[in-house]
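# Fold and geometry: a report
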Amino acid sequence: MNIQQFVVENIEVPRSHIQEVLHCFLHSIMFTRAFGLVKPNDVYIDSLDLYYAKADDGEIEKKIKASVDSFIDNLTKKKLKKSQLLVSFFEKKQKSGFGGLTSKLEYSCWEQWVVNVSLLDAALSPQGIIDLSTQVNKRVLYIMKVGNESKAHIPPVTTKEVTPFPFEISIPNSSEGGVMDMVWNILKSPAPLLT
């Protein structure tokens, strides 16, 4: 199966806004891929005067919070100015072997979202806040547009769960490697710990 990949354009974010911007992007991605019975929630980012939609699901919320916290820790500990988050969606497949005597569960990645972020050290002026809000909104609209228009590659949904497909949010090892290194690391890594 070919992996469909979407890249969210790099955005420069001051440290004071990184957490809320990443939550916004990750929740927007998850909202476009929540296929079950979804209770949508509008979230307001007061400092940016911006709304976004998220699926009201505790497991999604926990994974996003943990990933954003890890991302920020990674930036801080490694003193990085630029990094990426990778959201991967998988299809579970039962694969049989030895003439049907054994079987094992395999995960096949069908979609990835690459979120690129550069960290700004300086505080933003009032006009800078307006510009950041515009840039965040532009990327959320891209996520929603692509998520809603690009559906031909999605495997059949066979459950009514909010997230019928296992997903993983990861942080590439290096800020220098780029997208191809991330794809290679995902493909060569063992099956993720998924929900």
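For the structure, check the block above.
Residues numbered from 1 in each chain as written. Predicted model: local features only at pLDDT ≥ 70, side-chain atom pairs only at ≥ 80, totals over all residues. Heavy atoms only, no water.

## What to know about the overall build of the protein
Within the protein, the secondary structure is distributed over four helices and six strands. Sorting the 195 residues of the protein into buried and exposed places 44% on the buried side. Put simply, 78% of the contacts in the protein that link residues at least 6 apart link residues at least 24 apart. When the accessible area of the protein is evaluated, it comes to approximately 10700 Å², of which 53% is carbon and sulfur surface. (Helix = DSSP H or I, 4+ residues; strand = E, 2+ residues; numbered from the N terminus. Buried < 20%, exposed > 50% of the residue type's maximum accessible area, 1.4 Å probe, protein only. Contact = heavy atoms within 4.5 Å. Areas by Shrake-Rupley, 256 points an atom, 1.4 Å probe, with all protein chains shown as cover.)

## A closer look at the side chain of His-23
Inspection of the secondary structure assignment puts His-23 in helix α1 (residues 18-32). Owing to a relative accessible area of 12%, His-23 belongs among the buried residues under this scheme. The contact partners of His-23, leaving out residues within four places of it in the chain, are Tyr-52, Glu-61, Ile-64, Lys-65 and Val-68.

## Examining the nonpolar core
Phe-25, Trp-113 and Val-136 are the most contacted members of the largest nonpolar core, which totals 44 residues. The leading source of residues in this core is α1, at eight residues. Non-local contacts of Phe-25, meaning those with residues more than four positions away in its chain, are made with Ile-11, Val-115, Val-136, Arg-139, Val-140 and Ile-143. (Core = buried A, V, L, I, M, F, W, Y, C linked by side-chain atoms within 4.5 Å.)

## Digging into helix α3 (residues 126-149)
In this model, α3 (24 residues) spans 35 Å end to end at C-alpha, consistent with the 34 Å of a helix rising 1.5 Å per residue. Of the positions making up α3, those classed as buried are Gly-128, Leu-132, Ser-133, Val-136, Arg-139, Val-140, Ile-143, Met-144, Val-146 and Gly-147. If you follow the buried residues of α3, they end up packed against β1 (4-14), α1, β3 (50-55) and β5 (102-120). (Expected span 1.5 Å × (residues − 1).)

## Brief notes about the packing of α1 against helix α2 (residues 58-78)
Between two packed helices, what matters for the description is the angle formed by their axes and the separation of those axes. Contact geometry of α1 with α2 gives a least axis separation of 10 Å together with a crossing angle of 140 degrees. The orientation of α1 with respect to α2, classified from their angle, is oblique. Crossing hand, α1 versus α2: right-handed. The segment α1 lies against α2, with Ile-18, Gln-19, Leu-22, His-23, Leu-26, His-27 and Met-30 engaging Ile-60, Glu-61, Ile-64, Lys-65, Val-68, Asp-69, Phe-71 and Ile-72. For the contact of α1 with α2, a count of residues per class yields nine nonpolar, three polar and three charged. (Axes fitted to C-alpha atoms, helices over the stretch in contact; angles between N-to-C directions. Parallel < 35°, antiparallel > 145°, perpendicular 65-115°, else oblique. Left-handed = near helix turned anticlockwise from the far one by under 90°. Nonpolar A, V, L, I, M, F, W, Y, C, P; charged D, E, K, R; others polar.)

Spatial relationships are all this shows, so hold off on functional conclusions.
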